[in-house]
Amino acid sequence: MASLGPNIDLFDYYWRPLLLRLSGVAVGESTAILSGIQVSLGELSIGDEVFINVDCRLACGGQIFIGNYCQIGARVSFETVSHQLAPVKNGKRPSNPAPIVIEDNVWVGSGAILLPGITIGEGAVVAAGAVVTNDVEPYIVVGGVPAKKIRGLEPG
């Protein structure tokens, strides 16, 4: 297999994005998607020059929109569907889908979990292992469980 350097091959830059495009996903130019990605049914849009690392899960039932120039770390989980807390007789709790929106120039660290209905603002950074339960303002760093503001960033 042809390679562009260590751990990056042409499959990452051409075949995975092409396969997603063929299945109806909007994938921008120069986007790299490494192995192990899991995509469930639903609406998914990935911008230009996005890097998605290994073993990411994109549960698209509530829609996922990833902007341009984003970096998604390994094992990041996009969870767009939650369920009601109250028990039901048949055990099948109703689903509550809500979109996840990642604006341009966002970096999501490895192992982060993004929950339904959140927007991560332009230029923001989500620390590794963070659980994002609320919107993230542009140009800040968040981390922890649940994710909280750590510090601000200067727009580049």
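As a reminder, the structure under discussion sits directly above these lines.
All of the points below concern the structure found in this document.

Right, let's get into the sheet that holds strand S8 (residues 57–59). Across the sheet, five strands lie side by side as S5-S8-S11-S16-S19; this open sheet has parallel pairing. At either end of the open sheet lies a strand with only one pairing partner, and these are strand S5 (38–39) and strand S19 (131–132). The sheet contact formed by strand S11 (residues 77–79) and strand S16 (residues 113–114) spans two bridges and is parallel. Across the sheet, residue Phe78 finds its bridge partner in S16, namely Leu114.

Residue position: Glu79 is located in strand S11. A residue is classified by how much of its surface remains accessible, and Glu79, at 18% relative accessible area, is buried. For Glu79, the side chain forms a polar contact with the side chain of Arg57, separated by 2.5 Å. Here Ser77 takes part through its side chain, which lies 2.4 Å from a polar atom of the side chain of Glu79.

Below, the discussion takes up the nonpolar core. Grouped together as the largest cluster of nonpolar side chains are 33 residues, with contacts concentrated most on Ile46, Ile66, Phe78, Ile102, Leu114 and Ile120. Residue assignment for this core shows that the elements contributing at least two residues are strand S6 (44–46), strand S9 (64–66), strand S14 (100–102) and strand S20 (140–143). The contact partners of Leu114, leaving out residues within four places of it in the chain, are Val76, Ser77, Phe78, Glu79, Ile100, Ile102, Val108, Ile120 and Val132.

Scoring rules and cut-offs
Residues numbered from 1 in each chain as written. Predicted model: local features only at pLDDT ≥ 70, side-chain atom pairs only at ≥ 80, totals over all residues. Heavy atoms only, no water. Pairing = 2+ DSSP bridges. Helix = DSSP H or I, 4+ residues; strand = E, 2+ residues; numbered from the N terminus. Buried < 20%, exposed > 50% of the residue type's maximum accessible area, 1.4 Å probe, protein only. Polar contact = N/O pair within 3.5 Å; in protein donor to acceptor, adjacent residues only side chain to side chain. Core = buried A, V, L, I, M, F, W, Y, C linked by side-chain atoms within 4.5 Å. Contact = heavy atoms within 4.5 Å.

These results come straight from atomic positions and should not be treated as a statement about function.
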